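# Analysis of the macromolecular model
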Amino acid sequence: MNLFEQTQQLLEDVKAFPIASAQELEQFRIKFLGTKNVLKDIFAQIKAVPNEQKKEFGQLVNQVKLVAEEKFATAKVQFSTTQQTASNIDLTLPGEHLPIGSRHPVNIVKSQIISIFNKIGFSIALDREMEDDWHNFTALNMPEDHTARDMQDTFYLQVNPAMLLRTHTSSVQTRLMEQQKPPIRIIAPGRVFRNETISARAHCFFHQVEGLYVDENVSFADLLQTLDFFVKEMFGKETKIRLRPSYFPFTEPSAEVDVSCFICNSKGCNVCKHTGWVEILGCGMVDPAVLENCGIDSNKYTGFAFGMGIERITMLKYQINDLRLFSENDMRFLKQFQSV
Ligand code: DAH
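The model shown is predicted, which means the values in this text are computed figures rather than measured ones. (Residues numbered from 1 in each chain as written. Predicted model: local features only at pLDDT ≥ 70, side-chain atom pairs only at ≥ 80, totals over all residues. Heavy atoms only, no water.)

A few words now on the overall build of the protein. In terms of regular secondary structure, the protein is built from 11 helices and 9 strands. Across its three principal axes, the protein shows a C-alpha extent of roughly 110 × 50 × 40 Å. The buried share of the protein, reckoned over its 340 residues, is 41%. Approximately 19,300 Å² of the protein is accessible, and the part contributed by carbon and sulfur atoms is 52%. (Helix = DSSP H or I, 4+ residues; strand = E, 2+ residues; numbered from the N terminus. Buried < 20%, exposed > 50% of the residue type's maximum accessible area, 1.4 Å probe, protein only. Areas by Shrake-Rupley, 256 points an atom, 1.4 Å probe, with all protein chains shown as cover.)

As structure tokens, this is what we get:
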């Protein structure tokens, strides 16, 4: 056999070599890929090959090497896996424990509020947290010297004192009414900020959902129906609402809404402070001046608006008594919402 025939034979040997165990794999490695492999012997004789055949010969030797490497790599994967399943893994061991995550309670309640209002045709509107004075105050009937501004302690931006962190999601109302013509039927969930001392009942940031419906012939009765539907979906079919006259600069008339205490069925408990009622939101008919400020004809259109605190509803629903729990990221608190 000349050198070419020997190499050809070697290629056949590589292909035919049986590898059916880890031992045979090792034998294969030593013979064809080890430090003293048979290919090396052949390569050492390259000097004897005539120059014009050297290229062809080199390619053949290389092919043998590649085929051997490939066969080895494939067999190695096969054996290491079969070996593991066969002997290394104890199939009776209990599985690894992966803890289930939980959604934040404020997020859970926010989604519930959104889906309830979605059912009756309210879409979602989102807008900026950094606002200007016009959209947060002035357009909402609170000019600069208006005493109602004292109701909400405001964070102004140091870099630009004309800008502020919105104190309520009512700012989304004015943004939207400027951009869109009626009919407008939206809810605006979002984060709001107030310069308050942090305590169990107050925080410097929290979340609200704003509601707004502007169209021809929107009446106070529509507002009542909407809120009645909302509280029954949110707190249960038996829940009743009660409206108390109130004051907000951007609505006229305005009201605060209480729901019958769903904790004690209005019999009297700590949550309702033994009154049988708990307050959940503020609302009213959009003041015509606000419509006009936003370029909407108040002779043609009317509207209602409402605003509620998501933390407040969450606290009532889950009987949480400290607002700070929502932002402390204490796992002992958050884990309790795993199944919700
Ligand atoms: N913006 C009010 C607040 O932060 C809540 C509110 C009250 C919103 C009455 C309204 C409304 O749209 O009609 O306290």
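Here we come to the sheet that holds strand β9 (residues 302–309). What the 7 strands build is an open sheet, ordered β1-β4-β5-β9-β8-β7-β6; its pairing is mixed. Two strands bound the open sheet, and with one partner strand each, they are β1 (123–124) and β6 (241–248). Taken together, the 5 bridges between strand β8 (residues 277–286) and β9 define a ladder with antiparallel strand orientation. Looking at the pairing, Met 285 lines up with Phe 304 of β9. (Pairing = 2+ DSSP bridges.)

Looking now at the site of the ligand. Residues in contact with the ligand amount to 16 residues; listed here are only the nearest, His 168, Ser 170, Arg 194, Gln 208 and Glu 210. Residue Gln 173 places a side-chain N or O atom 3.3 Å away from an oxygen atom belonging to the ligand. Take Ala 305: an N or O atom from its main chain is 3.2 Å from an oxygen atom of the ligand. If the ligand stood free it would expose 350 Å²; the protein chains cover 91% of that surface. For the ligand, the cavity whose grid points lie within 2 Å of the majority of its atoms is the largest pocket. Each residue belonging to the shell around the ligand can be placed in one class, and the counts come to 5 nonpolar, 9 polar and 2 charged. (Near = heavy atom within 4 Å. Polar contact = N/O pair within 3.5 Å; in protein donor to acceptor, adjacent residues only side chain to side chain. 1 Å grid on protein atoms, 1.4 Å probe; cavity = no way out; pocket = protein on both sides within 12 Å on 5 of 7 lines; lining within 4 Å. Sits in = over half its atoms within 2 Å of the grid points. Nonpolar A, V, L, I, M, F, W, Y, C, P; charged D, E, K, R; others polar.)

Our next topic: the packing of helix α5 (residues 105–119) against helix α8 (residues 220–235). At a minimum axis separation of 10 Å, α5 and α8 run at an interaxial angle of 135 degrees. The angle between α5 and α8 falls in the class oblique. Note on packing geometry: the crossing formed by α5 with α8 is right-handed. Residue-level inspection shows Val 109, Gln 112, Ile 113, Ile 116, Phe 117 and Lys 119 of α5 in contact with α8, the latter providing Thr 226, Phe 229, Phe 230, Glu 233 and Met 234. (Axes fitted to C-alpha atoms, helices over the stretch in contact; angles between N-to-C directions. Parallel < 35°, antiparallel > 145°, perpendicular 65-115°, else oblique. Left-handed = near helix turned anticlockwise from the far one by under 90°. Contact = heavy atoms within 4.5 Å.)

Here the focus is the packing of aromatic side chains. Any aromatic ring pair is given by two values, namely how distant the centres are and how the planes are angled relative to each other. The tally for this structure, following the rule as stated, stands at 15 aromatic pairs. Here Tyr 318 and Phe 337 contribute two aromatic rings whose centre-to-centre distance is 5.2 Å and whose plane-to-plane angle is 90 degrees, an arrangement assigned as edge-to-face. Placement of Tyr 318 in helix α10 (residues 310–318) and of Phe 337 in the segment after α11 (331–334) is noted, with a sequence separation of 19 residues between them. Residue classification places Tyr 318 among the partly exposed residues on the basis of a relative accessible area of 27%. The exposure class of Phe 337 is buried, given its relative accessible area of 5%. Taken together through their ring pairs, the aromatic side chains of Phe 117, Phe 122, Tyr 213, Phe 230, Phe 304 and Phe 306 make up a single cluster. (Phe/Tyr/Trp six-rings, centres within 6.5 Å; stacked < 30°, edge-to-face > 60°.)

The next point concerns α5. For α5, with 15 residues, the first-to-last C-alpha span of 22 Å sits near the 21 Å given by 1.5 Å per residue. For α5, the set of buried residues is Pro 105, Val 106, Ile 108, Val 109, Ile 113, Ile 114, Ile 116 and Phe 117. Positive phi shows up at Gly 121, right after α5, with a value of about 85 degrees. (Expected span 1.5 Å × (residues − 1).)

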